Amino acid sequence: MMFKVEGHKLRSYLFAFGLACSAGVGFLPATSAVAQTPQTPQARGLPDFADLVEQVGPAVVGIRTVEKVSTRSGGGGEMDEEMQEFFRRFFGQPLPGNPRPGPRPNRPQPQEEERPRGVGSGFILTADGYVMTNAHVIEDASEILVTLTDKREFKAKLIGADKRSDVAVVKIEATGLPVVKVGDISKLRVGEWVMAIGSPFGLENTVTAGIVSAKQRDTGDLVPLIQTDVAINPGNSGGPLINLRGEVVGINSQIYSRSGGYMGISFSIPIDEAIRVSDQLRTTGRVSRGLIGVTIGSVSKDVAESLGLGKARGAVVSSVVPGSAADKAGVREGDIITKYGDKVIETPSDLSRSVASTKPGVKSTLTVFRNGSSRELSITVAEGDPETKPTSKRQSDREEPQAKPSSTAGKSIGLVVSDLTDAQKKELKARGVRIDAATDAAARAGLREGDVILSVGNIEVTSVKEFESALAKADKSKPLSVLFRRGEWAQYALIRPAR
């Protein structure tokens, strides 16, 4: 006799039957098994990206670049000359089958040859042909070719590129083009689905999908990036990252890889940052950023506690560029910048990004932690060159007679110090004491001969006498923070007492 059972009831029967058999008892009633089966929430279906591809795909472009390289016609001319020179020097005769050196009226001249440089992706911002991509996609290109999904190809003009944000804008001569819709990055959530369209390995109009793994990922770049698990490979660079509403939320830019290919982690530039850059590029062809003229580093937990700062936060100033905005504002080496305007600075990247986004000429305030207390400094932000670096002079390598007096008061922590000479003070543009010897605890902390100590335990020292006084006030049972300068940079060291 045959009977019909609904799918979920049949599963319950089989489940109950399995339990009964394994326990060595009789068959359980179906009603009991159903009553004991926990209710599970209904699974949500996976998104269908087909409509999104049709909606956004036409606004995504492929980008090919060409570069000009110098060549010499005649094929192998340079190598022939090198071989002839070799034979002339070591055998006293020219390369067999070649004439002796003499006038060459018809010597081939260097020529330029165009060679493919790379492939990438991009997307159309405006109907009249402005296209956004990565700066590294078009770097060093002598010619940029943009291909639309309808197979039309255009030679593009570079409007501007910004290496620091890795954003570039090019222009093609066309009208009525499909454009992307820009999304609101503040609404992007970790865990939501996103899609990428691009040309990985030159394979045009390739679609990949995944989820947002993290936001505000600090990779050391000027811009905090969006992390996803969307498959991104060489050629995807410059293409759009798209949410389920069909809006562009990022530009695919980087991958984390040990092999050169996708390994499950990719990064995109947030679209709001990219649009700010592209607006400046379209207006002026360049990006203007603020600069205050400091080199900064992170603050460790131990140093923060030893200085009385509390938790590890802020950006410690390693050097100040002479004549810079920070120098004029009174910022010193060893200061820990904890606020810029109204923004709390948690990491060095916070300060770099805040300053860079400030319009040059704007007045702001810096809150710095110095010698155990906070103070506010007024600063006028200058315009910066992305490549600007501190230019303070290095400590001289010449041997100079050491000034007196010297001190052995620091021997308990492994330090012997002496006053700086007038010449050293002038060259370093700083006051402090020079380390003549560093052993034991001081050496373990990373100090060494030639370093210049600027402060001890939140007390500035400009002489051996002040060094001894600061050392006498220090709690011998706790780690001692020492601000020192080595070459161009100032940094903190923590000398731990011997146990």
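See above for the structure.
Residues numbered from 1 in each chain as written. Predicted model: local features only at pLDDT ≥ 70, side-chain atom pairs only at ≥ 80, totals over all residues. Heavy atoms only, no water.

A.B. asks: I'm lost on unusual backbone geometry in this one. Help?
C.D. replies: Note on backbone geometry: most residues besides glycine have negative phi, and most peptide bonds are trans. With a phi angle near 55°, Gln-216 is a residue other than glycine that sits in the positive phi range. One can find Gln-216 in strand β9 (residues 206-217). What makes Gln-216 exposed here is its relative accessible area of 59%. (Helix = DSSP H or I, 4+ residues; strand = E, 2+ residues; numbered from the N terminus. Buried < 20%, exposed > 50% of the residue type's maximum accessible area, 1.4 Å probe, protein only.)

A.B. asks: What am I meant to see in the packing of aromatic side chains here?
C.D. replies: This model, assessed by the stated rule, comprises 1 aromatic pair. Considering the side-chain rings of Phe-49 and Trp-193, the 6.0 Å spacing of their centres and the 65° angle between planes classify their relative orientation as edge-to-face. Of this pair, Phe-49 sits in the loop between α2 (30-36) and α3 (50-56) while Trp-193 is found in strand β8 (residues 193-198), placing the two residues 144 residues apart along the sequence. The ring centre of Tyr-130 lies 5.4 Å from the NZ or CZ of Lys-171, which sits over that ring. In this structure, Arg-282 is placed above the aromatic ring of Tyr-130, and the distance from its NZ or CZ to the ring centre is 4.4 Å. (Phe/Tyr/Trp six-rings, centres within 6.5 Å; stacked < 30°, edge-to-face > 60°. Lys NZ or Arg CZ within 6 Å of the ring centre and 35° of its normal.)

A.B. asks: Explain the pairing of β9 here, please?
C.D. replies: Each regular strand displays side chains that alternate between the two surfaces of the sheet. Where β8 meets β9, 6 bridges bridge the pair, whose relative direction is antiparallel. Within β9, the position partnered with Trp-193 by the bridge is Ile-211. In this sheet, strand β10 (residues 225-228) lies alongside β9 in antiparallel orientation, the contact comprising 3 bridges. Of the residues in β10, the one forming a bridge with Val-212 is Thr-228. (Pairing = 2+ DSSP bridges.)

A.B. asks: Honestly, helix α12 (residues 464-473) in this entry has me stumped. Any pointers?
C.D. replies: Within the sequence span of α12, burial applies to Val-464, Phe-467, Ala-470 and Leu-471. Viewed end-on, α12 has its buried residues packed into an arc of 125°, placing them on one side of the element. Opposite the buried face of α12, by more than 90 degrees, sit the exposed residues Lys-465, Ala-472 and Lys-473. (Arc of directions from axis to C-beta.)

A.B. asks: Explain the pairing of strand β28 (residues 489-495) here, please?
C.D. replies: In terms of burial, β28 is largely enclosed, as 5 of its 7 residues are buried. Pairing analysis gives 7 bridges linking strand β27 (residues 480-486) to β28, with the strands arranged antiparallel. Pairing of Leu-483 across the sheet is with Tyr-492, part of β28. From the end of β27 to the start of β28, which pair antiparallel, there are 2 residues, and Gly-487 there has a positive phi angle of about 65°.

A.B. asks: Before we go on, may I ask you to explain helix α6 (residues 271-284) in this structure?
C.D. replies: Note: α-helices contain 3.6 residues per turn, so residues at a spacing of three or four share the same orientation. Taking 1.5 Å of rise per residue, the 14 residues of α6 would be expected to cover 20 Å, and the 20 Å separating its terminal C-alpha atoms lies within 8% of that figure. Among the residues of α6, Ile-271, Ala-274, Val-277, Ser-278 and Leu-281 are the ones counted as buried. On an axial view of α6, the arc spanned by its buried residues comes to 125°, and they lie on one face. Pointing more than 90 degrees away from the buried face of α6 are the exposed residues Thr-283 and Thr-284. Backbone geometry just downstream of α6 places Gly-285 in the positive-phi region, at approximately 80°. (Expected span 1.5 Å × (residues − 1).)

A.B. asks: Help me understand the environment of Asp-436 in this model?
C.D. replies: In this structure, Asp-436 sits in strand β24 (residues 433-438). Put simply, Asp-436 and Val-452 are 16 residues apart on the chain and 9.5 Å apart in space, counted from C-alpha to C-alpha. Side-chain polar atoms of Asp-436 contact the side chain of Ser-418, separated by 3.0 Å. (Polar contact = N/O pair within 3.5 Å; in protein donor to acceptor, adjacent residues only side chain to side chain.)

A.B. asks: Help me understand the environment of Lys-68, please; the structure alone is not making it clear to me.
C.D. replies: Assignment of secondary structure puts Lys-68 in strand β1 (residues 60-72). Separated by 48 residues in sequence, Lys-68 and Pro-116 place their C-alpha atoms 8.9 Å apart.

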